[in-house]
Amino acid sequence: NYPDIQTVSILHQNDDTGNAVNDEFSAAWTASGHTILDQETFLTGQKDFAAQVSKIQQQNPDAFYVYAPYADAGVIVKQCDDLDFHPQFLFAAPT
């Protein structure tokens with residue numbers, strides 16, 4: 001439960017697991033009365049997330065939900081910082 005977060009933008013890995021996790025999160029988030037502003041994807045092994053991060057930054061979500069392996073999540077956070085985007089993050093990672 002996140003009472004201060006009403007809107008979220010999502011960035012997730014574009015594979016079977018990432019898509020399934022996104023579907024579950026999205027369904028639960030909207031069912032609880034919250035809003036999803038955008039859903040962006042990335043490919044496994046991708047190193048540049050600037051296009052997705054810039055698009056999400058323009059939407060000014062209350063939170064940025066990232067489903068990514070730990071190494072990719074670290075790069076995403078670094079690129080957010082490089083773009084002067086400092087959202088509240090929500091993370092999930094494949095095991």
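Note: the structure precedes this text.
Being a predicted model, the structure only gives us computed values, none of them experimental.

A word on the overall build of the chain. Secondary structure assignment for the chain yields three helices and four strands. Here the chain has a C-alpha radius of gyration of 12 Å; the compact-globule value for 95 residues is 12 Å, and the two agree. Dimensions of the chain along its principal axes, counting C-alpha atoms only, are 35 × 30 × 20 Å. Taking all 95 residues of the chain together, the buried fraction comes to 40%. Counting only contacts in the chain whose residues sit at least 6 apart along the sequence, the fraction spanning at least 24 positions is 72%.

Counting residues in each nonpolar core, the largest one holds 12 residues, listed as L11, F42, F49, V53, I56, F64, V66, A68, A73, I76, C80 and F85. Looking at this core, the elements that each hand over two or more residues are α2 (50-59), β3 (63-67) and α3 (70-82). No other element matches α3, which puts three residues into this core. Setting aside residues up to four positions removed in sequence, V53 forms contacts with F64, I76, C80, L83 and F85.

What follows covers the environment of T44. Its place among the elements puts T44 in the loop between β2 (35-42) and α2. For T44, a relative accessible area of 58% corresponds to the exposed category. T44 sits 30 residues away from N14 along the chain, and the two C-alpha atoms are 7.3 Å apart. When near neighbours in sequence (up to four residues on either side) are disregarded, T44 contacts Q13 and D15. A distance of 3.1 Å separates a polar atom in the side chain of T44 from a polar atom in the side chain of Q13.

Calculation notes
- Residues numbered from 1 in each chain as written.
- Predicted model: local features only at pLDDT ≥ 70, side-chain atom pairs only at ≥ 80, totals over all residues.
- Heavy atoms only, no water.
- Helix = DSSP H or I, 4+ residues; strand = E, 2+ residues; numbered from the N terminus.
- Rg over C-alpha atoms; globule rule 2.2 N^0.38 Å.
- Buried < 20%, exposed > 50% of the residue type's maximum accessible area, 1.4 Å probe, protein only.
- Contact = heavy atoms within 4.5 Å.
- Core = buried A, V, L, I, M, F, W, Y, C linked by side-chain atoms within 4.5 Å.
- Polar contact = N/O pair within 3.5 Å; in protein donor to acceptor, adjacent residues only side chain to side chain.

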